Amino acid sequence: MALSGSAARRYAEALLALSPNDRAVAELRASLEKLAPAFDRVTVAGLRDPSVPMKERVAALSAALTGEPAAIRSLTVLLLENDRIALVPQIALAFGDLVDRREGIAKARITTAVPLKEPEQRELVTRLERESGRKLRATFAVDPTLIGGAKVQIGDHLIDSSVRAKLVALGRQLAS
């Protein structure tokens, strides 16, 4: 997540403030999430190349973003002109975080010892939402060292019900 005072966060907040309704917010979020991976090191270096006149760089960027919301096109041109085009991926993350927070959605990172199938993931998320009383946006990861069970991180709260954690706790208990 972007720092509260970061430039990316401020751009994301401004973009959210300019959004007239929830539909526009959803369109902006989808656009940012789609575009963020395109602004990798190579693309950013090309857009920042001082040997290419700014007018040509702006024209190329505008042509590439045809079909995207006007606010996104304007933002990226502004970022390019202010030599901050590399912020696009961070702005996308910060915008998503702001929208989730506004909608009361918490991020959850669920780590299991083995990959879960889609129905198992949905069932686990539904159970966690019911128990936490919050809507969750979950990402899943696999860590075979857990042996079994799962680790669930919701915001700052960590629930570690892995076999590994239980074995470590048992070892500490036996050692004392």
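Residues numbered from 1 in each chain as written. Predicted model: local features only at pLDDT ≥ 70, side-chain atom pairs only at ≥ 80, totals over all residues. Heavy atoms only, no water.

Enquirer: For this particular structure, what's the right way to read unusual backbone geometry?
Expert: A positive phi angle, close to 55 degrees, is found at Asp83, a residue other than glycine. For Asp83, the location among the structural elements is in the loop between helix 5 (70–81) and helix 6 (88–102). For Ile147, which is not glycine, the phi torsion reads 70 degrees and is therefore positive. By the secondary structure assignment, Ile147 is in the loop between strand 2 (135–142) and strand 3 (150–154). (Helix = DSSP H or I, 4+ residues; strand = E, 2+ residues; numbered from the N terminus.)

Enquirer: Where do I start with the pairing of strand 1 (residues 105–112) in this structure?
Expert: The side chains of a regular strand alternate, residue by residue, between the two faces of the sheet. Across the eight residues of strand 1, six count as buried, placing the element largely inside the fold. Sheet analysis places strand 1 next to strand 2, joined by eight bridges and oriented parallel. Across the sheet, residue Ile110 finds its bridge partner in strand 2, namely Phe140. The parallel pair strand 1 and strand 2 is bridged by helix 7 (residues 118–132), and the resulting crossover is right-handed. (Buried < 20%, exposed > 50% of the residue type's maximum accessible area, 1.4 Å probe, protein only. Pairing = 2+ DSSP bridges. Right-handed = clockwise from strand over helix to strand, strands pointing away.)

Enquirer: Honestly, the pattern of salt bridges in this entry has me stumped. Any pointers?
Expert: Where charged atoms of side chains with opposite charge meet at close range, the side chains can pair. Tallied over the full model, the rule gives twelve salt bridges. The shortest N-O distance in the salt bridge between Arg29 and Asp100 comes to 2.8 Å. In this pair, Arg29 is assigned in helix 2 (residues 22–35) and Asp100 in helix 6, connecting sequence segments 71 residues apart. Arg29 sits in the buried class, given a relative accessible area of 12%. Glu129 is the partner of Lys135 in a salt bridge, and the nearest nitrogen-oxygen pair spans 3.8 Å. Residues participating in the shared-partner salt-bridge network are Arg29, Glu33, Asp100 and Arg137. (Salt bridge = Lys/Arg side-chain N within 4 Å of Asp/Glu carboxyl O.)

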